[in-house]
Amino acid sequence: LSDALLYCDEALKITPGTFSREWEVFIRFLKARFLFEIGLYDGCIKVLEKTLAYLSLYKIDKAENVVYAWLARAFIYGGSVRTGLEILDHMEKSPLNLLFTAEGYYMTGEYKKAADLMEDGGIKISGYDFLPGDRIFWLDGFYSIEGRCLDLSDSMLKRISVSFLSYMYHLSGNSEKS
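All values reported here derive from a predicted model rather than from experimental measurement. (Residues numbered from 1 in each chain as written. Predicted model: local features only at pLDDT ≥ 70, side-chain atom pairs only at ≥ 80, totals over all residues. Heavy atoms only, no water.)

A. Inspection of the pattern of salt bridges at higher detail. Within this structure, the stated rule accounts for nine salt bridges. Residues lysine 13 and glutamate 10 are paired through a salt bridge, measuring 3.1 Å at the closest nitrogen-oxygen approach. A residue pair is termed a helical-turn pair when its members lie 3 or 4 positions apart in one helix, as lysine 13 and glutamate 10 do in helix α1 (residues 2-14) at three residues. For lysine 13, a relative accessible area of 60% translates into the label exposed. The salt bridge involving glutamate 22 is made with lysine 62; its shortest N-O contact spans 3.5 Å. You can see glutamate 22 sitting in helix α2 (residues 21-37) and its partner lysine 62 sitting in the loop between α3 (41-58) and α4 (64-77), a full 40 residues away along the chain. By sharing partners, the salt bridges in this structure join Arg82, Glu110 and Lys113 into a single network. (Salt bridge = Lys/Arg side-chain N within 4 Å of Asp/Glu carboxyl O. Helix = DSSP H or I, 4+ residues; strand = E, 2+ residues; numbered from the N terminus. Buried < 20%, exposed > 50% of the residue type's maximum accessible area, 1.4 Å probe, protein only.)

B. Local environment of the packing of helix α6 (residues 95-107) against helix α7 (residues 111-121). For the pair α6 and α7, interaxial distance at closest approach is 7 Å and the crossing angle is 165°. Comparing their axes, α7 and α6 come out roughly antiparallel. Considering only the axes of α6 and α7, their crossing is right-handed. In this structure, α6 contributes Leu98, Leu99, Thr101, Ala102, Tyr105 and Tyr106 to the contact, and α7 contributes Tyr111, Lys113, Ala114, Leu117, Met118 and Gly121. A per-class count over the contact of α6 with α7 returns nine nonpolar, two polar and one charged. (Axes fitted to C-alpha atoms, helices over the stretch in contact; angles between N-to-C directions. Parallel < 35°, antiparallel > 145°, perpendicular 65-115°, else oblique. Left-handed = near helix turned anticlockwise from the far one by under 90°. Contact = heavy atoms within 4.5 Å. Nonpolar A, V, L, I, M, F, W, Y, C, P; charged D, E, K, R; others polar.)

C. Examining the nonpolar core more closely. Judged by nonpolar contacts, the single largest core of 56 residues is most densely connected at Phe29, Leu48, Trp70 and Trp138. Counting only elements with at least two residues in this core, the list comes to α1, α2, α3, α4, α5 (81-89), α6, α7 and α9 (156-171). Beyond its immediate chain neighbours, meaning those up to four positions away, leucine 48 contacts Phe29, Ala32, Val67, Trp70 and Leu71. (Core = buried A, V, L, I, M, F, W, Y, C linked by side-chain atoms within 4.5 Å.)

D. Examining the packing of α6 against α9 more closely. Following both chains from N to C, one finds α6 and α9 inclined at 30°, their axes separated by 11 Å at the closest point. Classed by the angle they form, the pair α6 and α9 counts as roughly parallel. Judged by the twist between their axes, the crossing of α6 over α9 is left-handed. For the pair α6 and α9, contact is made by Pro95, Leu96, Leu99, Ala102, Glu103 and Tyr106 and by Leu157, Ile160, Ser161, Phe164, Tyr167, Met168 and Leu171, respectively.

This is the structure in structure tokens:
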């Protein structure tokens, strides 16, 4: 992943010349995702905050919810759980925000609350009915990355959500459902 970070930096040097502002924003988001995956949450937060500034500057509203959700997740995993949960609490509800909120409850040891949230909110997420192609789909932050690489019969978000719910059932002592 460290090579991927370098490639992102190289791509960011040339994207302004392509006049594709959405791709520039997407590469910034991709860099943040790489930082998240290797546990550099403070770096991830800085890149996502800068990405939000570019979204505002370029008026790319469709990506805002996804970037804010991942910013909240980075705060949660970086140890600022309450900050992350507050961000998510002020956002429109979505399957992605539901998962990240449940992860916040997991981090505070509130396993039953996490499981109840997932169950009450439902994890009935259908697969996506289009191909990634050259467009960027700001659905959840998984589709335009993992979705480009993996041939899945359903969404990555659904797979993660179902697994996480089962894990929360197990941790909260509900072995019948786990």
